[in-house]
Amino acid sequence: MTVKQISVFIENKEGRMKKTMKALGKENINIRALSLADTSKYGILRLIVSDNEAAVKALEEDGFIVRETEVLVVFIPDQPNGLNTVLESFEKDKINVEYLYAFVSNKVDEAIVVMRLENMEAGKSALEKNNITILTEEDIKNL
Amino acid sequence: MVWNEKAECMEKEEKEQMQLERLQNTVKKAYENVPFYTKKFDEAGITPDDIKTLKDIEKIPFTTKEDLRDTYPFGLFAVPDDEIVEIHSSSGTTGKPVVSGYTEKDLDIWGEVIARAINMANGKKHDRIQNAYGYGLFTGGFGIHHGASKFGATLIPISAGNTKRQIEILKDFQSTILTCTPSYALYLAESLEKAGVSLDEINLKSGIFGAEMWTEAMRKQLEEKLGILALNIYGLTEVMGPGVAIECPEKNGLHINDDHFYPEIIDPKTGASLEEGETGELVFTTLTRDGMPILRYRTKDLTSLIKGKCDCGRTTVRMTRITGRTDDMLKIKGVKVFPSQIEKALLNVEGTSGNYQIIVTRPDLLDEVEVKVEVSREVFSDEIRKLELIEKKITSAIRSEIGIRAEVTLCEPESLPRSEGKAVRVIDKRGLDKG
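The shown structure was predicted, so the numbers you read here are calculated from the model rather than taken from an experiment.

When you go through chain B residue by residue, the secondary structure sums to 11 helices and 23 strands. Expected size for 435 residues packed as a compact globule is a radius of gyration near 22 Å; at 22 Å, chain B falls within 12% of this value. The 435 residues of chain B split such that 57% are buried. Considering only contacts within chain B whose residues lie at least 6 apart along the sequence, 65% involve residues at least 24 apart. Computing the positive centroid from 59 side-chain charges and the negative centroid from 71, chain B places the two 3 Å apart.

Encoded structure:
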């Protein structure tokens, strides 16, 4: 039930973000969620998109290094303390979060959180145990 | 099988006699027809008649790259314009370009030495040679072209770049021999992997790679990734272009075509001749070139010579793989560093690309080194700390190779500058005189 996220290596210099967006736009690929992790020299652009295969192809054709990574995507109540319910479920099982980012959709009331965990399997069971809805790729298409 | 058994397997005495006659002839032509040489000889107080033995070559003053630039563009041509049929030129990335002129006979000899190379790479007349050296003023593209037509193989003049098309041609035409720079060959191999093209879909059996320095580790990678025999070819625009020296499948040094190019090794500091086996600067004298005879040209390439018969049966003198250039050698924090050492360090870190650039600066009083490395698919991770770990691994590999800490930066593929398909390996921003 994990979802595939696309990660792109981009150098920290002008015009690089734009070039990735252009590559995706050209192929009519819609971005559902996006996050940029950066260091002083380069960054990793993480994307949840409408069509992974087409996105990878478009980016690689433009010379980018791309990788697909499994992530967990969940709904959390869009209210104070919402994210905590998820983190609490990890705390008990000592599950470490590599990174996470959140977005909202106007089609649902919940906020949506994308997570990469040190131990994805354990994380998944912890979420299931706590009745937290894990989204499938199909769910994301409908957002 | 040897392409030209008479020339490539000649006995020592016969070869030396031939070389002496050709040298005397070349010296005479140069002295009589090129004012630059007349002046040099007069200043040194010698005449062509002083060349009585091969050893006498040491009396002739050296020719340097600066001399070639000073006589730019046609100052060293030794024949009237109507005999020159082709001109090539270096790109001039480090200054004024160097020009080389060829007569019909010169082109024929160029073709001959390249034909020897194709033969060494197991070439047959039915082979299809995908020539991915750049066509143009650069000697790479046309050099191979002339050689393939002399040899009689099928030449595919695709020129450098356009990787997608290269892959298509490799698949559709079933090219059997690839000729290009080793760094491009490696890039092409990686692109094939990326495009999901398996070795079963292509038909390469060998590759002739040159025009830039490379290493044994790179050869291993190329042979594995492309399933080929990868051979080294050496040459320089000043002397002819590619084909001055070529490797046979024994891979034990490059056979210098010493019936056309006479090699010497000198101490780069004193100019004194060195013995067989000693490493020093390679110096070439052309023995048969009419259009532009070159006497004792200092190549700035560092190598040593191997005499005696090779296991392949050829007797031509061999040179070891170029390990550095007198002007490539960097002195960083007082330590001698060659780009080939960085390359070696990179190949010790699994998955890294061989494409790198060394940038030396002196922001304050101390030297600082940055090594930029193009990120490869294998090492790219979604997590910053894993990328940082790769940088650390590269840093420590470089440190154990050269003893200096370099700042390692990963950068995007194909983001490092290339000139004529050759990678630009060193940028020295210290503004020092290399002396």
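A few words on the overall build of chain A. A count of helical and extended segments in chain A gives 5 helices and 6 strands. Secondary structure elements in chain A, listed N-terminal to C-terminal, are β-α-β-β-α-β-α-β-β-α-α. Its C-alpha radius of gyration of 16 Å places chain A within 12% of the 15 Å reference for a compact globule of 143 residues. The principal-axis extent of the C-alpha atoms belonging to chain A is close to 45 × 35 × 25 Å.

The geometry of two aromatic rings is summed up by the distance between their centres and the angle between their planes. Residues and elements named next belong to chain B. One pass over the structure, following the stated rule, counts 12 aromatic pairs over all chains. Each ring, one from Tyr-184 and one from Tyr-187, has its centre 6.1 Å from the other, and the planes form 40°; the classification is tilted. With Tyr-184 and Tyr-187 both in helix H8 (residues 182-194) and 3 residues apart, this pair spans about one turn of that helix. The buried category is assigned to Tyr-184, whose relative accessible area is 13%.

A few words on the sheet that holds strand S6 (residues 111-117) of chain A. Residue and element names in this part refer to chain A. One open sheet holds the 6 strands; their spatial order is S2-S3-S1-S4-S6-S5, and the pairing between them is antiparallel. Edge positions in the sheet fall to strand S2 (31-38) and strand S5 (97-104), since each of these pairs with one other strand and no more. On average, each strand axis in the sheet is inclined to that of its neighbour by 30°, with strand direction left out of account. The pairing of strand S1 (residues 3-11) with strand S3 (residues 42-49) spans 6 bridges and is antiparallel.

To continue, consider a negative patch on the surface. Residues and elements named next belong to chain A. Taken together, the side chains of Asp-51, Glu-53, Glu-68, Glu-70, Glu-137, Glu-138 and Asp-139 present a region of like negative charge at the surface. Going through the elements one at a time, strand S4 (66-76) and helix H5 (137-141) are the ones with two or more residues in the negative patch. Here Glu-53 is to be found in helix H2 (residues 52-61).

Residue and element names in this part refer to chain B. Axis separation between helix H5 (residues 104-120) and helix H6 (residues 139-151) bottoms out at 7 Å; the angle between their running directions is 80°. In terms of axis orientation, H5 runs roughly perpendicular to H6. Two secondary-structure elements touch here, H5 through Leu-107, Asp-108, Trp-110, Gly-111, Glu-112, Ile-114, Ala-115, Ile-118 and Asn-119 and H6 through Thr-139, Gly-143, Ile-144, His-146, Gly-147, Ala-148, Lys-150 and Phe-151. Of the residues in the contact of H5 with H6, the class split is 8 nonpolar, 6 polar and 3 charged.

The next subject is the nonpolar core. Ranked by internal contacts, the top residues of the largest apolar core, which has 71 residues, are Tyr-234, Phe-284 and Met-319 of chain B. The leading source of residues in this core is H5 of chain B, at 9 residues.

Throughout the structure, instances matching the rule amount to 43 salt bridges over all chains. The residue Asp-93 of chain A makes a salt bridge to Lys-129 of chain A at a minimum N-O spacing of 3.4 Å. You can see Asp-93 of chain A sitting in the loop between helix H3 (82-92) and S5 and its partner Lys-129 of chain A sitting in helix H4 (residues 120-129), a full 36 residues away along the chain. You can call Asp-93 of chain A partly exposed: its relative accessible area is 36%. Across the pair Glu-43 of chain B and Lys-39 of chain B runs a salt bridge, and its minimum N-O distance is 3.7 Å. Of this pair, Glu-43 of chain B and Lys-39 of chain B both sit in helix H3 (residues 35-44), 4 residues apart, which is roughly one turn of the helix. For the pair shown, Glu-43 of chain B and Lys-39 of chain B are each scored as exposed. By sharing partners, the salt bridges in this structure join Glu-98 and Arg-116 of chain A together with Glu-383, Arg-385 and Lys-386 of chain B into a single network.

To continue, consider a nonpolar patch on the surface. A cluster of nonpolar residues, Met-17, Leu-34 and Leu-36 of chain A, forms a patch on the protein surface that exposes about 230 Å² of accessible area. The class of Leu-36 of chain A is partly exposed, set by a relative accessible area of 41%.

The next point concerns the sheet that holds strand S13 (residues 305-306) of chain B. Residue and element names in this part refer to chain B. Taken together, the 9 strands give an open sheet; going across it, the order is S4-S3-S5-S6-S7-S8-S9-S14-S13, and neighbouring strands pair in mixed fashion. Of all the strands in the sheet, the pair left with one neighbour each is strand S4 (154-156) and S13. Helix-sheet contacts for H5 involve strand S3 (128-131), strand S5 (177-180), strand S6 (206-210), strand S7 (229-236), strand S8 (241-247) and strand S9 (254-256), and the interaxial angle to S8 is about 35°. Across the sheet, H6 lies against S3, S4, S5 and S8, angled at about 165° from S3, the strand it touches most.

With that out of the way, let us pick up the environment of Ile-233 of chain B. Residues and elements named next belong to chain B. The topology assignment puts Ile-233 in strand S7. Ile-233 sits in the buried class, given a relative accessible area of 4%. Sequence spacing of Ile-233 and Gly-196 is 37 residues, and the spatial spacing of their C-alpha atoms is 29 Å. Apart from the residues lying within four places of it in its own chain, the contact partners of Ile-233 are Ile-114, Ala-117, Tyr-133, Ile-208, Phe-209, Gly-210, Ala-211, Pro-242, Gly-243, Ala-245, Ile-246 and Leu-254.

Each partner contributes to the interface: chain B provides 23 residues, whereas chain A provides 26 residues. Summed over both sides, the interface between chain B and chain A buries roughly 2,000 Å², with carbon and sulfur atoms accounting for 52% of that surface. Broken down residue by residue, the surface that chain B buries against chain A is led by Phe-380, Asp-382 and Glu-412 of chain B, which jointly contribute 38%. Between the two partners, chain B and chain A, sit 7 salt bridges. In this assembly, chain B and chain A are joined by 13 residue pairs in polar contact (both at pLDDT 80 or more). Secondary-structure elements contributing two or more residues to the side of chain B that touches chain A are helix H11 (384-402) and strand S20 (407-411) of chain B.

What counts and what doesn't
Residues numbered from 1 in each chain as written. Chains lettered and ligands numbered in written order. Predicted model: local features only at pLDDT ≥ 70, side-chain atom pairs only at ≥ 80, totals over all residues. Heavy atoms only, no water. Helix = DSSP H or I, 4+ residues; strand = E, 2+ residues; numbered from the N terminus. Rg over C-alpha atoms; globule rule 2.2 N^0.38 Å. Buried < 20%, exposed > 50% of the residue type's maximum accessible area, 1.4 Å probe, protein only. Contact = heavy atoms within 4.5 Å. Lys, Arg positive; Asp, Glu negative; His and termini not counted. Charge placed at Lys NZ, Arg CZ, Asp CG, Glu CD. Phe/Tyr/Trp six-rings, centres within 6.5 Å; stacked < 30°, edge-to-face > 60°. Pairing = 2+ DSSP bridges. Axes fitted to C-alpha atoms, helices over the stretch in contact; angles between N-to-C directions. Patch = residues over 30% accessible without salt bridge, like charges linked within 9 Å, V, L, I, M, F, W, Y side chains within 5 Å. Areas by Shrake-Rupley, 256 points an atom, 1.4 Å probe, with all protein chains shown as cover. Salt bridge = Lys/Arg side-chain N within 4 Å of Asp/Glu carboxyl O. Parallel < 35°, antiparallel > 145°, perpendicular 65-115°, else oblique. Nonpolar A, V, L, I, M, F, W, Y, C, P; charged D, E, K, R; others polar. Core = buried A, V, L, I, M, F, W, Y, C linked by side-chain atoms within 4.5 Å. Buried area = accessible area lost by both parts, 1.4 Å probe. Polar contact = N/O pair within 3.5 Å; in protein donor to acceptor, adjacent residues only side chain to side chain.

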